[in-house]
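# Tertiary structure, described
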Amino acid sequence: MNNAVNDGVWSGSWVAERLGVGLVGDDALPALLGLALRRNPKRAHLLVSNVLGKHVPQSPAVVYDHGFRLGRRVAAVLGEAGAGAAAVLGYAETATGLGHAVADGLGAVPYLHSTRRPVPGVAPAGGFEESHSHATSHLLLPEDPGLLAGDGPLVLVDDEFSTGNTVLNTIRDLHARYPRRRYVVVALVDMRSAEDSGRLERFAEEIGARVDLVAAASGTVRLPEGVLEKGQRLVAECESAGCGNDGAHQPGHVTEVDLHWPPGLPDGGRHGFTPAHRARLEAALPAMAGRIRDALPAGARRVLVLGFEELMYAPLRLAQELERGADAEVRFSTTTRSPVLAVDDPGYAIRTRLVFPAHDDPADGPGERYAYNVAGAGFDTVVAVVDSVADTPALHAPDGLLARLAAHVPHVLLAVVPSYVPHVPERPVMLPEPLRGPAFSSYAPEEVGWLLQDLSDVTLEAPTEEREEAIQSGGAHYAESLPVEYQPSEQYQELFHAALDASAARLAHAVGVVTETVITERSPRPVLVSLARAGTPVGILMRRWAQFRHGLELPHYAVSIVRGRGIDANALRWLAAHHDPRDVVFVDGWTGKGAITRELAEAVEEFEAAEGVTGFDPEIAVLADPGSCVRTYGTREDFLIPSACLNSTVSGLISRTVLRADLVGPHDFHGAKFYRELAGADVSVAFLDAVSARFPEVADAADSAVKELLAADRSPTWAGWRAVERISEEYGIHDVNLVKPGVGETTRVLLRRVPWKILARAGAGADLDHVRLLAEQRGVPVEEVGDLPYTCVGLIHPKYTRGATGADGKAVNV
């Protein structure tokens, strides 16, 4: 049933006849490939390999031999010296075993495969996307980052090349980090079009490296017009008719087999597999296969060794060893994430399908998993091989894999391979999970996770006058205490709501522009990391836009950054352990003179040097960039962002962040307070809802603005910094830290610091209504200036003492 040709029928003929899809190329293609229909909105057809050991049970000797012979061909291409210096990278999930076999054929070389399973404590050394796949994020998690850092050839192995996009994405990512002179791309079949082949050649010229190609066979897939829609209709018809659904038989027996797997031997290439590991495995294989053989029922004639998703190589080698010494016919295949239609027809590659829930607590959440061509294939025994992470209650549940197998096969053996745990340097304290609302902040829990510790029970507030004197005298850092939260008057609250009504659409447009720019240029699925706290409402709005416009559920966190002290290194450590740093996009509300932009760049550089982690991009994405400090922004206009008008009551009731040695240890997140008592004045969610309600009306305009922006020169000019230096000298301040440019920063000066005077651009209108009101309340003069590059600038009193300003904290008139 599972061969390439059944009674003279090619296992791609059913699809070819109904959709007009055909294979054109080498004569070997029909023997290597069948066709099936995907349950996937991006592609109609699936090329089903008969020799990969994934969807179609095959002789393990045949599966291994195809990979090994490709490895020998790579060795011939590279020559002795090149082959000896090479490293091999395989693709999850389908090519993990193939890549390992290629590495074996190449010689004594290290092997690594990508993975979709994040591993706590292991920082990704890279990552990439697989554009056509149903589950795209690939991580590279070598225990030894040096495995990818060599300058010898890198051999990339996939089961097929359809467009070459995955390979391009991988080489682009790795070449930026670990440039090398030569790559070899390996596949069982090369099915790229002439255009796609030319693109790989042009890409090689662009990066200045040689890229060779080795494939067992090549050709193209002939796709008629409208094939996607026709395929989707055909899938719907077949699924409603119950194609390929086997009725269950009487339950079989499930028995566990202890393999006595060698301690400390990796179960595969997820974290790297060295020549020394290979020698240990080779030595242990006969005894482990012998234990499986001894556990087989008497008279077993047809045995399937079934691997588990990315765990392909260890089960394949066990099956190969079992095949050598067993009287039974042995076949090998694995379970998979890929949703494929089953049709019980000799001319179709996927005859039957078993469906069961994921049983390894996957990072992307629960979902269906599949075993193809197992039911109805005449197996009297299935040996299911899983790693220990996947040996969960879900595996043993009534609807789990073991029960589904036992319903169709008389005997099921379970062999569990210990999941390899890389050596991770121990830290005295494990970092906690992010804080979330409603326990911490008034935001919904999915909107933001705070990489902070809760200091709500600690008294940290000090009068503004005392704080200013201590900060300017050098007696304390501004992050060691908190200002008393400003409670807005009724008149000021009315100004906030009027400003929000007037600017909501303008804000929505800027949110759309910055979010689309991030998704286009930075990552198709960014991890948004707001700089607490002003960046947090912006990060939530960007997350909402991505959901509104693209259906994306982006991760979003808030972290602390402190001027003069840098970003919270423990927060970066947590992010690196849970996400690919290259996907992280730091978010803030606005730029002033660019101090935080510089602070972040320096902090990230220091962190990566100290931790050996790479990939964080320190450039901030901001809603407004009036200082011209960044390339990623929604606008460069200096206009009123209403969230700048208030403090915690527009930021989820969270304080500014705190960094004080007696409260924040070397392995703690920075701290902050949750002002639960201010819930009656909270407008945090109302602000978000008012802006996101305007998304539909600005969507088209935002799209047009993004196109123009992407084509424009957005190089930072740092005009804001130069203006601040000029103002500092002109007004005799001689300290740029006391000059706060822009509407947002000026508002902060009036709310938190001891202001000296406000400079306002002549003719500035409603954007400054709230600034004028606050200045009036605090007795601060507002001076109109003709050539100001910002709408306004707040000046902190340069020589503040309580005696100079009076007990009420108002600035002196000078």
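To keep things clear, this report deals only with the structure shown in the data block. What you see is a predicted model, and the numbers here were worked out from it, not measured in a lab. (Residues numbered from 1 in each chain as written. Predicted model: local features only at pLDDT ≥ 70, side-chain atom pairs only at ≥ 80, totals over all residues. Heavy atoms only, no water.)

### A word on the packing of helix α13 (residues 490-521) against helix α21 (residues 769-778)
When two helices pack together, their arrangement is given by the angle between the helix axes and the distance between those axes. What counts is decided by this rule: Every axis corresponds to a line fitted to the C-alpha atoms, with the helix fit spanning only the stretch in contact, and the corresponding angles, defined between N-to-C directions, vary from 0 to 180 degrees. Under the DSSP-based scheme used, a helix requires at least four consecutive residues in state H or I and a strand at least two consecutive residues in state E, with every element numbered from the N terminus. Comment on the angle field: the value is read as roughly parallel under 35 degrees, roughly antiparallel over 145, roughly perpendicular from 65 to 115, and oblique elsewhere. Crossings are classed by handedness, with left-handed meaning an anticlockwise turn of the near helix from the far one by less than a right angle and right-handed meaning a clockwise turn. Whether two residues touch is decided by their heavy atoms; if any such pair falls within 4.5 Å, the residues are in contact. Throughout this entry, Asp, Glu, Lys and Arg are counted as charged residues, while Ala, Val, Leu, Ile, Met, Phe, Trp, Tyr, Cys and Pro are counted as nonpolar. The remaining residues, Gly among them, count as polar.
One way to put it is that α13 packs onto α21 with a least axis distance of 10 Å and a crossing angle of 165°. By the angle between their directions, the pair α13 and α21 is classed as roughly antiparallel. In this structure, the crossing between α13 and α21 has a hand that is left-handed. Taken together, the residues of α21 that come into contact with α13 (itself represented by Q491, Y492 and L495) are D769, H770, L773 and L774. Considering only residue class, the contact of α13 with α21 consists of 4 nonpolar, 2 polar and 1 charged.

### Here we look at the packing of helix α3 (residues 60-84) against helix α9 (residues 313-325)
Relative to each other, α3 and α9 sit at 125°, their axes nearing to 8 Å. Compared by their axis directions, α3 and α9 come out oblique. For the pair α3 and α9, the crossing hand works out as left-handed. From α3, P60, A61, V63 and Y64 reach across to α9, where they touch Y313, L316, R317, A319, Q320 and E323. Its residues assigned to classes, the contact of α3 with α9 shows 7 nonpolar, 1 polar and 2 charged.

### Considerations on the nonpolar core
Heads up, the condition is: Here the nonpolar core consists of buried residues drawn from Ala, Val, Leu, Ile, Met, Phe, Trp, Tyr and Cys, with membership extended through side-chain atoms lying within 4.5 Å. Throughout this description, buried means an accessible area under 20% of the type-specific maximum (1.4 Å probe, protein chains only), exposed means over 50%, and partly exposed covers the range between.
Grouped together as the largest cluster of nonpolar side chains are 134 residues, with contacts concentrated most on L37, L106, V155, V186, Y348 and L405. For V155, the residues in contact, after removing those within four places along its chain, are V74, L78, A86, A87, V88, L89, V102, L106, V184 and V186. Counting 97 residues, the second largest nonpolar core, distinct from the first, contains V527, Y633, C645 and V691.

### A closer look at the sheet that holds strand β19 (residues 411-417)
Which entries qualify depends on this criterion: We treat two strands as partners when DSSP finds at least two bridges between them.
Read from one edge of the open sheet, 5 strands run β13-β19-β18-β14-β15, paired in parallel fashion. Strands at the two margins of the open sheet, each flanked by one partner only, are β13 (253-257) and β15 (329-335). Each strand of the sheet is rotated relative to its neighbour by a mean of 25°, with strand direction disregarded. Sheet topology note: the strand β18 (residues 381-387)/β19 ladder contains 7 bridges and is parallel. Residue pairing in the sheet places V382 in a bridge with V412 of β19. Sitting on the sheet, α9 touches β14 (302-308), β15 and β18, and the angle it makes with β15 is about 175°.

### Quick word on unusual backbone geometry
Working note: non-glycine residues mostly have negative phi, and peptide bonds are mostly trans. Going from G437 to P438, the amide bond is cis rather than trans, its omega being 5°. In this fold, P438 is placed in the loop between β19 and β20 (449-450). Residue R533 follows A532 across a cis peptide bond; omega there is 0°. Relative to the helices and strands, R533 is located in the loop between β24 (527-532) and α14 (535-550). Phi is positive for N373, which is not a glycine, with a value near 60°.

### Focus on helix α5 (residues 165-177)
Spelled out, the test is: Between the first and last residue of a helix there are one fewer steps than residues, each counted as 1.5 Å, and that sum is the expected span.
Between its first and last C-alpha, α5 extends 19 Å over 13 residues, near the 18 Å set by a 1.5 Å rise per residue. All buried positions along α5 are accounted for by T166, V167, L168, T170, I171, D173, L174, H175 and R177.

### Structural notes on the pattern of salt bridges
When the charged atoms of two side chains lie near each other, side chains of opposite charge can form a pair. Heads up, the condition is: Here, a salt bridge means any Lys or Arg side-chain nitrogen found within 4 Å of an Asp or Glu carboxyl oxygen.
For the structure on display, the rule yields 37 salt bridges. Its salt-bridge partner being R317, residue E282 comes within 2.9 Å of it at the nearest N-O pair. One end of the pair, E282, is in helix α8 (residues 275-295); the other, R317, is in helix α9, and 35 residues separate them in sequence. When its relative accessible area of 4% is taken as the criterion, R317 is described as buried. As a salt-bridge pair, R714 and E521 come within 2.5 Å of each other at their nearest N and O atoms.

### Here we look at helix α18 (residues 695-711)
Let me state the cut-off plainly: Two axes enter the definition of the bend at a residue: one is fitted to the seven residues ending there, the other to the seven starting there, and the bend is the angle between them.
Its 17 residues give α18 an end-to-end C-alpha distance of 23 Å, which sits within 8% of 24 Å, the value for a rise of 1.5 Å per residue. Bending of α18 peaks at approximately 30° at the position of A701. Looking only at α18, the buried set comprises F695, V698, A699, A702, V706 and L709. Looking at the buried positions of α18, the neighbouring elements they touch are α13, α14, β29 (632-635) and α17 (684-692).

### With respect to the pairing of strand β32 (residues 755-761)
With 6 of its 7 residues buried, β32 lies for the most part within the structure. Two elements, β32 and strand β34 (residues 792-796), share 5 bridges in a ladder whose sense is antiparallel. Opposite P755, over in β34, you have I796 as the bridge partner. Relative to strand β33 (residues 782-785), β32 runs parallel, the two being bridged by 4 bridges. In the sheet register, A760 faces β33, and the bridge partner there is E784.

### A look at the packing of aromatic side chains
Which entries qualify depends on this criterion: Any two rings among Phe, Tyr and Trp, with Trp reduced to its six-membered ring, count as a pair given centres within 6.5 Å; such a pair is stacked if its planes are under 30 degrees apart, edge-to-face if over 60, and tilted if neither.
Here the structure, examined in full by the defined rule, presents 13 aromatic pairs. On the numbers, 5.8 Å between centres and 10° between planes, the contact of Y370 with Y372 is stacked. Here the two residues Y370 and Y372 agree in accessibility, since each one is buried. On the numbers, 6.1 Å between centres and 70° between planes, the contact of F607 with F616 is edge-to-face. With relative accessibility at 7%, the residue F607 sits in the buried group.

### Digging into the side chain of T791
With respect to the helices and strands, T791 occurs in the loop between β33 and β34. Apart from the residues lying within four places of it in its own chain, the contact partners of T791 are D638, V743, L759, A760, R761, A764 and L768.

Read these as spatial facts, not as claims about activity.
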